[in-house]
Amino acid sequence: MTAHHPVAVEAAAAPRRRMRWHQRLLRDRVLVLVALPGVLSLLVFHYLPWLGNVIAFKDYQPYIGILESPWVGLNNFRVIWEGDPGFLNALSNTLIITLLQVLIVFPAPIALALLLDSLISQRLKKVVQSILYLPHFLSWVIVVAVFQQMFGNAGLLNSFLRTHDLATVSIITNPELFKLLVTSQVLWKDAGWATILFLAALARIDVELYEASAVDGAGRWRQLWHVTLPGLRSLIVLLLILRLGDSLTVGFEQIILQEPAVGRQVSEVLDTYVFNHAILAADWGQGAAVGLVKGLVGVLLVLGANRLAHRLGERGIYSR
Amino acid sequence: MITAMGRPSPLARAAKGLVLALCCAAVVVPFVGIVSTSLATREEVTRSGGFVLLPGEISFAAYEAILSGGVVTRATLVSLFVTAAGTALSLVATTLLAYGLSRPGSFAHRPLLLTVLFAILFGPGLIPSYLVVKSLGLVDTYWALLLPPMINAFNVIILRAFFQELPPEVLESARIDGAGDLAILWRIVLPLSKAALAVIGLFYGVGYWNAFFGALLYLNDSGMWPLQLVLRTYVVNQTQLGIDQLGGGAALPPQEAVQMAILVLSIVPILLVYPFVQRHFSKGVLIGAVKG
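Note that the coordinates shown come from a computational prediction; the quantities given were computed from them, not determined experimentally.

(A) Broad picture of the overall build of chain A. Helix and strand counts for chain A stand at 17 helices and zero strands. Over its C-alpha trace chain A gives a radius of gyration of 26 Å, far above what one expects of a compact globule, namely 20 Å for 320 residues. Along the longest, intermediate and shortest principal axes, the C-alpha atoms of chain A span 95 × 75 × 40 Å. Looking at chain A as a whole, 37% of its 320 residues are labelled buried.

(B) Structural view of the overall build of chain B. On a plain count of helices and strands, chain B comes out with 15 helices and zero strands. Taken over C-alpha atoms, the radius of gyration comes to 24 Å for chain B, far larger than the 19 Å a tight globule of 292 residues would show. Here chain B holds 292 residues, and the buried ones make up 41% of them.

(C) Local environment of the UniProt feature "transmembrane region" (unreviewed entry) in chain A. Mapped onto this structure's residue numbering, the UniProt feature "transmembrane region" (unreviewed entry) falls at residues 26-48, 95-119 and 131-151 of chain A. Annotated as 84% helix and 0% strand, the span residues 95-119 of chain A places its first and last C-alpha atoms 37 Å apart.

(D) Molecular detail of the packing of helix 3 (residues 29-52) of chain A against helix 6 (residues 126-135) of chain B. Remark: helix 3 of chain A packs on helix 6 of chain B, axes separated minimally by 8 Å, with the N-to-C direction vectors making an angle of 110°. Considered as vectors, helix 3 of chain A and helix 6 of chain B are oriented roughly perpendicular to each other. In this structure, helix 3 of chain A contributes V44, F45, L48, P49, W50 and G52 of chain A to the contact, and helix 6 of chain B contributes P128, S129, L131 and V132 of chain B. Of the residues contributing to the contact of helix 3 of chain A with helix 6 of chain B, the split by class is eight nonpolar, two polar and no charged.

(E) How the structure looks around the environment of P10 of chain B. With respect to the helices and strands, P10 of chain B occurs in helix 1 (residues 10-38). Accessibility expressed as a C-beta count within 10 Å gives 8 for P10 of chain B, which makes it exposed.

(F) Broad picture of the interface of chain B and chain A. Listed as interface residues are 77 residues of chain B and, on the opposing side, 73 residues of chain A. At eleven residues, helix 1 of chain B tops the list of elements feeding residues into the side of chain B that touches chain A. Within the side of chain B that touches chain A, the residues separate by chemical class into 54 nonpolar, 19 polar and four charged.

(G) Seen up close, the UniProt feature "domain: ABC transmembrane type-1" (unreviewed entry) in chain A. The feature "domain: ABC transmembrane type-1" (unreviewed entry), as given by UniProt, occupies residues 91-305 of chain A in the numbering adopted here. End C-alpha to end C-alpha, residues 91-305 of chain A measures 20 Å, and it is 77% helix and 0% strand.

(H) Fine view of the domain arrangement of chain A. Residues and elements named next belong to chain A. Domains assigned within chain A are domain 1 (2-57) and domain 2 (75-311). Taken over C-alpha atoms, the centre of domain 1 sits 39 Å from the centre of domain 2. Domain 1 puts four residues into the contact, and the matching count from domain 2 is six residues. When its residues are assigned to classes, the side of domain 1 that touches domain 2 shows three nonpolar, one polar and no charged.

(I) Representation of helix 11 (residues 178-203) of chain A within the structure. The end-to-end C-alpha distance of helix 11 of chain A is 37 Å, a good match for the 38 Å that 26 residues give at a rise of 1.5 Å each. A maximum bend of about 45° is found in helix 11 of chain A at D190 of chain A.

(J) Focus on unusual backbone geometry. For A282 of chain A, which is not glycine, the phi dihedral falls at a positive 55°. Note on placement: A282 of chain A falls in the loop between helix 16 (270-280) and helix 17 (284-311). Looking at A282 of chain A, the number of C-beta atoms within 10 Å reads 11, which means it is exposed. One non-glycine residue, A108 of chain B, adopts positive backbone phi at about 60°. Within the secondary structure, A108 of chain B sits in the loop between helix 4 (71-100) and helix 5 (109-121).

(K) Fine view of the UniProt feature "transmembrane region" (unreviewed entry) in chain B. Under the present numbering, the feature "transmembrane region" (unreviewed entry) in UniProt falls on residues 77-100, 112-131, 195-219 and 257-277 of chain B. The span residues 195-219 of chain B shows a helical share of 88% and a strand share of 0%, and its end C-alpha atoms are spaced 35 Å apart.

(L) Quick peek at the nonpolar core. Of all hydrophobic cores here, the largest spans 142 residues; its most connected members are V230, L231 and I262 of chain B. Residues V237, I241, V302 and A305 of chain A belong to the second largest nonpolar core, which totals five residues.

(M) Structural view of the domain arrangement of chain B. All names here are of chain B. Taken as a whole, chain B is organised into domain 1 (1-59) and domain 2 (70-227 + 260-291). Taken over C-alpha atoms, the centre of domain 1 sits 35 Å from the centre of domain 2. On the side of domain 2, four residues touch domain 1, which itself brings four residues to the contact. A per-class count over the side of domain 1 that touches domain 2 returns two nonpolar, two polar and no charged.

(N) Examining the packing of helix 8 (residues 122-133) of chain A against helix 1 of chain B more closely. Two numbers describe how helix 8 of chain A lies on helix 1 of chain B: the axes approach to 9 Å, and their chain directions differ by 45°. When the axes of helix 8 of chain A and helix 1 of chain B are compared, the pair comes out oblique. The two elements helix 8 of chain A and helix 1 of chain B meet at a crossing, and its hand is left-handed. Along the contact surface, helix 8 of chain A presents V128, I131 and L132 of chain A, while helix 1 of chain B presents L20, C23, C24, V27 and V28 of chain B. Looking at the contact of helix 8 of chain A with helix 1 of chain B residue by residue, the classes come out as eight nonpolar, no polar and no charged.

(O) Looking closely at helix 14 (residues 252-262) of chain A. Considered for burial, the residues of helix 14 of chain A that qualify are E253, Q254, I255, I256, L257, Q258 and V262 of chain A. Residues of helix 14 of chain A that are buried sit in contact with helix 9 (140-151), helix 11, helix 15 (264-267) and helix 16 of chain A together with helix 12 (213-218) and helix 13 (227-236) of chain B. At the exit of helix 14 of chain A stands G263 of chain A, carrying a positive phi of roughly 90°.

(P) Structural view of the environment of A61 of chain B. Residues and elements named next belong to chain B. By the secondary structure assignment, A61 is in helix 3 (residues 61-67). Note on A61: 21 C-beta atoms within 10 Å, which makes it buried. Along the primary structure A61 and V258 are separated by 197 residues, whereas in three dimensions their C-alpha atoms are 8.4 Å apart.

What counts and how
- Residues numbered from 1 in each chain as written.
- Chains lettered and ligands numbered in written order.
- Predicted model: local features only at pLDDT ≥ 70, side-chain atom pairs only at ≥ 80, totals over all residues.
- Helix = DSSP H or I, 4+ residues; strand = E, 2+ residues; numbered from the N terminus.
- Rg over C-alpha atoms; globule rule 2.2 N^0.38 Å.
- Buried ≥ 20, exposed ≤ 12 C-beta atoms within 10 Å, placed from the backbone.
- UniProt positions renumbered as here; feature names shortened; annotations may be inferred.
- Axes fitted to C-alpha atoms, helices over the stretch in contact; angles between N-to-C directions.
- Parallel < 35°, antiparallel > 145°, perpendicular 65-115°, else oblique.
- Contact = placed C-beta atoms within 7 Å.
- Nonpolar A, V, L, I, M, F, W, Y, C, P; charged D, E, K, R; others polar.
- Domains from an automatic or database assignment.
- Expected span 1.5 Å × (residues − 1).
- Bend = angle between axes of the 7 residues up to and from the residue.
- Core = buried A, V, L, I, M, F, W, Y, C linked by C-beta atoms within 7 Å.
- Left-handed = near helix turned anticlockwise from the far one by under 90°.

Here's what the structure looks like:
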């Protein structure tokens, strides 16, 4: 491509291109060198594990190692296509929790951001933001403990009911309420924090649009519908894509912590299924097989959702 | 509710205020209760049936018990060490990587950048990651908590975007003055990036402080446990803490107070750093990343 251009023009237009690779390496040696530790860490702890996925096709025995363990073809994947009840249960729990979270948790920060944005006093807004962002920084262990203190048997709610001679309610240990409990914990922890993105998007909406629509006689609800929500549309689509790509991933730490209280039947999701089978029950190959399929389906979901976004005329997470 | 010209009706404003107040209460009330219970005396705990919302009499016995040696003291020191060491490692490696990637057209820029970007999209699976950590001989060492999460690819991209928005004239004039790439990083880029580094450092620090699963997976020796695992054992799973687990030898404070004191202890460091970094959130790096 460079050979067809006169040398002088090429040198003036793009001097970089004309440097040989070793000259560029010499010029950029510091940049390459400082990038190395981080890249190395990603290679070892992010990319090297991918190779470990071969145990999905092996009968992995820890004491003889990955290389020596016998190949078993697709045997480990039978739990998936033969529909092992434990696997199906984990899959359905995962999808139900995802559905609940998309319906309940996803819209909450949008509504909350609209409320915050309508506060006139900037100081009050700052204070409210500081309070609502805080739970995001607490660990799942802390969040679960906080919910126990509120709704557990000896918690605030039941202490109150007991001192007023009312019947106590079992929330934390009730299997039927578990999925709603998990969803409300995510809501408590992250709804406030998630407003940060929507507030930024709201701040970028042109004020003139509001003024023009007010002149045209639009009320507040019509402004919300015709100015505000269109302004948030791209961000909503982007976040929905990311959430859909994560459909098969629901709070691993959060659920493993609460599994003892309600049992696996209602609480086991794909990630905890992998953990319980592979590491606790030493069924390594099956665990890795389920984990591998889950990862691949996740990638397909992101790509599919992104394509859908392009169809709708949005940018999505990457453009073509 | 529909008013003609922009201003909301008093009823709508009251409703909004009420909703926001309830949201704030949902965060604040549990904290007040947790702190109160940790300070409560045995009589008060018995009277309230476990959880004390507002204490009458205040006692610091629970804090004395958990902080005078024993399981909780040791776990707190472990967590402080892991958080400090991890944050330092992560911040250095992330800054260097982001700086190394901040000049498009430099040597191997594209493959290196793609290495980082793909890491965001496809995380490693649980089992293969465990096998890597195990085969490197890191199980039952603190390296297992420090090395795998060292680079968060998303943080690299945020910081890189921030570096690229620094005024190019300043960097160029430094280069004309004969400064090398390292000198430019140290003398110009870092001083201009304090806010971004503070926020990224907070993200890493909170991550290390809150990490629970890595320790569960990789540390078999309970003597090495960080605070989050102790919190799970004695607060979430309600295992009783006895004289053996606590320091000192005085009369045992009520179990509920001890549990809540551990909970407070695990929250306090986050509350301490939060205000310093909180003001950077809205104007800082996040917005830049979203735009990009």
